Amino acid sequence: MFSSLSDAIDADAPDRALRLAAAERAAAMALPSPELEVWRYSRIGQLDLAAFTPAAVRTTVEGLDQVPPADEALVAELVGTMDVHDVFDELNAAYHRTVAVSVPAGKVLADPIVVTHHIEGDGAALYPRLVVHAGADSEFTVVERFESAGDTVALVVPRLLVHAAQAARVSYLGINLLGTRVWQLGHQQATGERDSTTLLAMVALGGDYARVRTDARVVGQGATTKQVALYYADGEQMHDFRTMQDHVAPKTHSDLLFKGAVQDTAKSVYTGLIRIREEAKGSVAYQTNRNLTLSEGAWAESVPNLDIRTNDVKCSHASAVGPIDEEQRFYLESRGIPPEVAERLVVLGFFDDVLNVLPVSLRGHSGLRADLRARVAAKLEAGR
């Protein structure tokens, strides 16, 4: 199906042989099916991949001048650790445009590095890749934005790789502001070494069908990883999240908080797995997913899971799907607040604990949290 697309690979690319091999593997693979557990509840059966042609994504980067250029050998080594689950991983390997961020050991960045992918060109299939390496005892934030015009018809297949060396502290924020005719099929992989701290945050407001799979691994003793997400779907949108909290080393910690809302006939899916491996004694893991259904036609699915392979651990998971709490609404209305204002206050309050964790309190980006709150409010208002 894809063999004729090898012409889309740059003839001068230094890794052309690797790209061609990935394109050949993709050509031999079938699309995933909703019958597979990891694609259960998805809309993957509606994708006509042949309708899209690989193209170069236009990406702009701010703040990269704070660090030296990434070492190509290190980037190649890290990319070699990326898991391949399906045809989309191979397609990204074949047609990717890579941005690499490598922060030296001990370096603390005052300003975030902001990577913006401009999704353009009707019928384009775009394959951005972001590789982030945090040197030992470094600290910084990377913001990755996906933006498109409202009428753009495109497919974007991003890949994110984060590696935090010993005692590094790295925060990532992904923001989906895509138009409602764009499909997104994302895969993120993060690895934390000894005593490192990683924060993987996402805000998903755009897209037609927007899916992100996140595999967060803590492989060094004392490592911590946190995942948070805010998502809001309206109209006929669908947001789809699949997460893994993978504890490989002892005395590691993970925490996950995903909150979403759906209205009109929109849908959302969350499935998550906490895995505590045999060697990970003394680990602690939490997983929470909560969803608001704001219309009768809206639908949300939440499936948390545990895979505990040792003892002496502490784990919990929780999920909820339902409408706005009527007691909260009644309390506000009984104090003279109009019903539509009461609903807006409840929804914004529902998302506050996620918004407050987002790594946006940085110089030059202090207004980002307010902007995201305004976008959530605008979606709620549009649904009335």
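I will try to describe carefully the structure that is included in this document. Note that the structure is predicted; figures quoted are calculated from it, not measured. (Residues numbered from 1 in each chain as written. Predicted model: local features only at pLDDT ≥ 70, side-chain atom pairs only at ≥ 80, totals over all residues. Heavy atoms only, no water.)

## Re the overall build of the protein chain
Move 1: Along the protein chain, the regular secondary structure elements total six helices and 20 strands.
Move 2: Here the C-alpha atoms of the protein chain give a radius of gyration of 21 Å, agreeing with the 21 Å that 2.2 N^0.38 yields for 384 residues.
Move 3: Structurally, the protein chain occupies a C-alpha span of about 65 × 50 × 45 Å along its principal axes.
Move 4: Out of the 384 residues in the protein chain, the part that is buried amounts to 53%.
Move 5: In the protein chain, of all internal contacts separated by at least 6 residues, the share reaching a separation of at least 24 is 87%.
Move 6: Here the protein chain displays about 15900 Å² of accessible surface, and carbon together with sulfur accounts for 51% of that area. (Helix = DSSP H or I, 4+ residues; strand = E, 2+ residues; numbered from the N terminus. Rg over C-alpha atoms; globule rule 2.2 N^0.38 Å. Buried < 20%, exposed > 50% of the residue type's maximum accessible area, 1.4 Å probe, protein only. Contact = heavy atoms within 4.5 Å. Areas by Shrake-Rupley, 256 points an atom, 1.4 Å probe, with all protein chains shown as cover.)

## A closer look at helix H3 (residues 87-95)
Think of an α-helix as 3.6 residues a turn; residues three or four steps apart then line up on the same face.
Move 1: When you tally the buried positions in H3, you get eight out of nine residues, the bulk of the element.
Move 2: Among all positions of H3, only Val-87, Phe-88, Asp-89, Glu-90, Leu-91, Asn-92, Ala-94 and Tyr-95 are buried.

## Focus: the pairing of strand E9 (residues 159-164)
Move 1: Counting buried residues along E9, six of its six residues qualify, which places the element largely inside the surrounding structure.
Move 2: Alternating residues of E9 divide into Arg-159, Leu-161 and His-163 and Leu-160, Val-162 and Ala-164, and every residue in both groups is buried.
Move 3: Examined bridge by bridge, strand E6 (residues 128-134) and E9 share six bridges and lie parallel to one another. Bridging across to E9, Ala-134 finds its partner in Ala-164.
Move 4: In terms of strand pairing, E9 meets strand E11 (residues 182-192) through six bridges, oriented parallel. (Pairing = 2+ DSSP bridges.)

## Quick word on helix H1 (residues 16-27)
Move 1: Spanning twelve residues, H1 covers 16 Å between terminal C-alpha atoms, matching the ideal 16 Å at 1.5 Å per step.
Move 2: Taken as a whole, H1 has its buried residues at Arg-19, Ala-22, Ala-23 and Ala-26. On an axial view of H1, the arc spanned by its buried residues comes to 100 degrees, and they lie on one face. Turned more than 90 degrees away from the buried face of H1 sit Ala-17 and Glu-24, all of them exposed.
Move 3: Residues of H1 that are buried sit in contact with H3 and strand E3 (97-103). (Expected span 1.5 Å × (residues − 1). Arc of directions from axis to C-beta.)

## Focus on the sheet that holds strand E2 (residues 58-62)
Strand-to-strand pairing in sheets goes through backbone hydrogen bonds, with the strands running parallel or antiparallel.
Move 1: The mixed open sheet is built from nine strands, whose spatial order is E2-E4-E7-E10-E12-E14-E16-E18-E20. Here the strands that pair on one side only, and so sit at the sheet edges, are E2 and strand E20 (314-322). Neighbouring strand axes in the sheet, compared pairwise and without regard to direction, differ in orientation by 10 degrees on average.
Move 2: Note: strand E4 (residues 113-119) against strand E7 (residues 139-148), seven bridges, orientation parallel. Within the sheet, the bridge partner assigned to Thr-116 lies in E7 and is Arg-145.
Move 3: Across the sheet, helix H5 (residues 339-355) is in contact with strand E14 (224-233), strand E16 (253-262) and strand E18 (284-293); its angle to E16 comes to roughly 155 degrees. (Axes fitted to C-alpha atoms, helices over the stretch in contact; angles between N-to-C directions.)

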